[in-house]
Amino acid sequence: MVREGEVEAVVPAAADRVLSGDRAIPDLCGSRLLKTPGDIKHALAKAAAALGFDAIAVASPVPAPAVQQGLAEFLAQGLHGDMDWMAARSERRGDPRILWPDVRAIVMLGVNYGPDHDPTVILASRERAAISVYAKGDDYHDVIKKRLKALARWLTAQAGGDAKVFVDTAAVMEKPLAAAAGLGWQGKHTNLVSREFGSWLFLGALFTTLELPSDPAETDHCGTCSACLDICPTAAFPAPYRLDSRRCISYLTIEHKGPIPRHLRSLMGNRIYGCDDCLAVCPWNKFAQQGREAKLAARAELKAPALAELARLDDAAFRKLFARSAIKRTGRDRFVRNVLIAIGNSRHSALAAYAESLLTDPSAIVRGAAVWALGRLVSKQALTALAAKYGTAERDASVREEWASEGIAA
Ligand code: B12
Ligand code: SF4
Ligand code: SF4
């Protein structure tokens, strides 16, 4: 989900008619007509809709003290795990005016990626992989960034000022900003919930030096519900509105670089890239509609891929399969590590052969996960024989530890 990056300036377009590759923004009004900040905001909303954004609202760049406090506590308690970049940019993250002192208004935008299927059904097919909804289509960073840039060019050409755009990757707190702008509220699972789109809204931000009127913040509509907290397979919520990333399957499968902590592996089931459980269970999804952006729709081959197929991916095949997908970011080794955890959880002994073939993989993280998977699928006797065949040559300390944890001195 996360790619910490640079702050990008947007170069103003020469003309007031802007092409965003596949979409043209209609020439809604010339700059002569944009007399007031209200006019600019109104025209901006129309341009955003023409570009395929489903929601738009404006927040003040002045952060609420509760958000800064929430971030400080999150970091102080180490809830970010090994996402060190979160702590490294914490002042900027907590205050958009430190990130960019010229910012005067923050336009928050949302793109609906409501799925055409129930993402929890696949969890029962243990020999198949569950990939989270957000990652089954084209990489949303690319799709949304392109549109944000087009919108920013349009804005600067029509109304002047400077603009910068962000989606996921910079030190910007997109959820609190979207809540402040009124796009939704941060639910007890901490994500933004929209009355109109439920859980399925990607967020992006356009910072501008123009003064635009802010929209009212949305209020919390969770009430007494606790469905998202109760369903979490790894008990990742120490309290409502608090997430311990270190236990979250999204973090474990996407962000975490080392071996997945042993005590969490069996709780992951077949979720190999992200997790949708807390999003999918939210009752506000009953108002959600299917996303209208074809590029973000699930690719057929990623809806229910066989674990056996994914375990066979080498680096070249992985890059080819996920060239346009956000999944490419984890790299092949971490991805196959996740597949092996799912194989271990599958109870399909026929998959043991795939795990065995990975005991000699060049990556230690893959070999270690293969040991764990086999420990769940084959008898102690068979595992001992495998250890004699492959384990004795093992030099990596973390993989030797995996053998030892299975009660076998390799
Ligand atoms: C780091 C990160 C992660 C981390 C940490 C998640 C987290 N909850 O922060 C991990 C890797 C776990 C993750 C997972 C996912 N992520 Co993510 N992630 C981010 C990222 C880069 C930063 C988020 C952040 O700043 N977290 C830090 C904490 C401190 O912020 P916070 O959650 O807002 O915490 C607040 C609350 O704790 C609050 N608080 C504390 N006490 C109380 C009490 C009350 C009463 C209230 C109201 C609030 C409150 O105060 C804090 C400050 O506001 C954003 C993109 C961005 N730049 O914003 C995407 C982003 C949040 N992720 C996103 C998505 C889609 C996901 C996943 C659904 C992906 C998946 N399917 O696997 C999961 C969801 C897991 C979950 N339940 O949150 C989307 C969410 C869209 C939305 N509608 O909200 C974002 C916005 C990316 C995007 N541009 O669309 N993600
Ligand atoms: S994404 Fe999954 S593991 Fe993470 S908090 Fe939500 S339900 Fe729990
Ligand atoms: S599932 Fe319930 S508690 Fe969780 S975000 Fe949705 S409404 Fe709020």
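Residues numbered from 1 in each chain as written. Chains lettered and ligands numbered in written order. Predicted model: local features only at pLDDT ≥ 70, side-chain atom pairs only at ≥ 80, totals over all residues. Heavy atoms only, no water.

## Re helix H1 (residues 37-50)
And then number 1: Between the first and last C-alpha of H1 there are 20 Å, a value that for 14 residues agrees with the 20 Å anticipated at 1.5 Å per step.
And then number 2: Each element contacted by the buried residues of H1 is listed here: strand S1 (55-59), strand S2 (105-112) and helix H6 (140-159).
And then number 3: Trailing H1 by a residue or two, glycine 52 shows a phi angle of about 100°, which is positive. (Helix = DSSP H or I, 4+ residues; strand = E, 2+ residues; numbered from the N terminus. Expected span 1.5 Å × (residues − 1). Contact = heavy atoms within 4.5 Å.)

## Regarding the packing of aromatic side chains
And then number 1: Enumeration according to the criterion identifies 11 aromatic pairs in this entry.
And then number 2: Between tyrosine 113 and tryptophan 200, the ring centres sit 5.7 Å apart and the planes meet at 85°, which makes this aromatic pair edge-to-face. In this pair, tyrosine 113 sits in the loop between S2 and strand S3 (130-131) while tryptophan 200 sits in the loop between strand S6 (192-193) and strand S7 (201-208), placing the two residues 87 residues apart along the sequence. Take tyrosine 113 and tryptophan 200: they sit in the same class, and that class is buried.
And then number 3: Taken together, the ring pairs connect Tyr113, Tyr134, Tyr140, Trp200, Phe202 and Tyr273 into an aromatic cluster. (Phe/Tyr/Trp six-rings, centres within 6.5 Å; stacked < 30°, edge-to-face > 60°. Buried < 20%, exposed > 50% of the residue type's maximum accessible area, 1.4 Å probe, protein only.)

## Things to note about the pattern of salt bridges
And then number 1: Scanning the entire structure with this criterion turns up 22 salt bridges.
And then number 2: A salt bridge links arginine 292 to aspartate 54; the nearest nitrogen and oxygen atoms lie 2.8 Å apart. Pair noted here: arginine 292 is in the loop between helix H11 (277-280) and helix H12 (307-311) and aspartate 54 is in the loop between H1 and S1, with a separation of 238 residues, a long-range link.
And then number 3: Put simply, arginine 332 and aspartate 361 hold a salt bridge, and the shortest N to O gap is 2.7 Å. Pair noted here: arginine 332 is in helix H14 (residues 331-345) and aspartate 361 is in the loop between helix H15 (352-357) and helix H16 (364-377), with a separation of 29 residues, a long-range link. Each member of the pair, arginine 332 together with aspartate 361, is buried.
And then number 4: Through salt bridges with shared partners, one network takes in Arg262, Arg265, Arg376, Glu402 and Glu406. (Salt bridge = Lys/Arg side-chain N within 4 Å of Asp/Glu carboxyl O.)

## Remarks on the site of ligand 2
And then number 1: Around ligand 2, a shell composed of Cys232, Pro233, Thr234, Phe237, Leu243, Cys248, Ile249, Cys275, Asp277 and Cys278 is seen.
And then number 2: For the shell around ligand 2, a count of residues per class yields 8 nonpolar, 1 polar and 1 charged. (Near = heavy atom within 4 Å. Nonpolar A, V, L, I, M, F, W, Y, C, P; charged D, E, K, R; others polar.)

## Thoughts on the site of ligand 1
And then number 1: The local shell around ligand 1 holds 41 residues, among which Val172, Glu174, Lys175, Leu192 and Tyr241 are the closest.
And then number 2: At 3.2 Å from a nitrogen atom of ligand 1 is found a side-chain nitrogen or oxygen belonging to arginine 242.
And then number 3: Contributing elements (two or more residues each) for the shell around ligand 1: helix H2 (65-76), helix H7 (174-181), S7, helix H9 (249-255) and H11.
And then number 4: Here the shell around ligand 1 gets 4 residues from one element, more than from any other, and that element is H2.
And then number 5: Partitioned by chemical class, the residues of the shell around ligand 1 number 26 nonpolar, 9 polar and 6 charged. (Polar contact = N/O pair within 3.5 Å; in protein donor to acceptor, adjacent residues only side chain to side chain.)

## Here we look at the domain arrangement of the chain
And then number 1: When the domains of the chain are assigned, the result is domain 1 (1-305) and domain 2 (306-410).
And then number 2: Taking only C-alpha atoms into account, the centre of domain 1 sits 33 Å from that of domain 2.
And then number 3: Taken together, the 35 residues of domain 1 in the interface contact 30 residues of domain 2.
And then number 4: For the pair domain 1 and domain 2, the summed buried surface comes to about 2,800 Å²; carbon and sulfur atoms form 53% of the total.
And then number 5: Notably, a salt bridge pairs glutamate 402 with arginine 262, separated by 2.8 Å at the nearest N-O pair.
And then number 6: Seen at the junction of domain 1 and domain 2, the total is 21 residue pairs in polar contact (both at pLDDT 80 or more).
And then number 7: For the side of domain 1 that touches domain 2, the secondary-structure elements that each account for two or more residues are H6, H9, helix H10 (262-265) and strand S8 (271-273).
And then number 8: Ranked by the residues each element gives to the side of domain 1 that touches domain 2, the list is headed by H9, at 4 residues. (Domains from an automatic or database assignment. Buried area = accessible area lost by both parts, 1.4 Å probe.)

## Looking at the sheet that holds S2
And then number 1: Taken in spatial order, the 4 strands of this open sheet run S1-S2-S7-S4, and their pairing is antiparallel. Of all the strands in the sheet, just S1 and strand S4 (163-166) have a single pairing partner and so form its edges. Neighbour-to-neighbour, the strand axes of this sheet turn through a mean angle of 20°, independent of strand direction.
And then number 2: Relative to S7, S2 runs antiparallel, the two being bridged by 8 bridges. Looking at S7, one finds that asparagine 112 is bridged to leucine 201.
And then number 3: Contacting S1 and S2, H1 crosses the sheet at an angle of about 145° to S1. (Pairing = 2+ DSSP bridges. Axes fitted to C-alpha atoms, helices over the stretch in contact; angles between N-to-C directions.)

## A look at H16
And then number 1: A rise of 1.5 Å per residue sets the reference length of H16, with its 14 residues, at 20 Å; its end C-alpha atoms lie 20 Å apart and thus fit the reference within 8%.
And then number 2: All buried positions along H16 are accounted for by Ile365, Val366, Arg367, Gly368, Ala369, Ala370, Val371, Trp372, Ala373, Leu374 and Leu377.
And then number 3: In the core, the buried residues of H16 are packed alongside H10, H14, H15, helix H17 (380-390) and helix H18 (397-405).
And then number 4: Taking the backbone nitrogen of isoleucine 365 as reference, a side-chain oxygen 3.3 Å away marks serine 363 as the first, capping residue of H16.

## Quick word on the packing of H14 against H16
And then number 1: Interhelical geometry of H14 versus H16 gives an angle of 5° and a closest axis separation of 8 Å. Taken together, the axes of H14 and H16 lie roughly parallel to each other. Contact residues: Arg332, Asp333, Val336, Arg337, Leu340, Ile341, Ile343, Gly344 and Asn345 in H14; Ile365, Val366, Ala369, Ala370, Trp372, Ala373, Arg376 and Leu377 in H16.
And then number 2: Class assignment for the residues of the contact of H14 with H16 results in 11 nonpolar, 2 polar and 4 charged. (Parallel < 35°, antiparallel > 145°, perpendicular 65-115°, else oblique.)

## Considering the environment of histidine 348
And then number 1: Considering the arrangement of structural elements, one finds histidine 348 in the loop between H14 and H15.
And then number 2: In this structure, the C-alpha to C-alpha distance between histidine 348 and alanine 48, residues 300 residues apart in sequence, is 48 Å.
And then number 3: Residues within four places of histidine 348 in sequence aside, it is in contact with Glu127 and Leu377.

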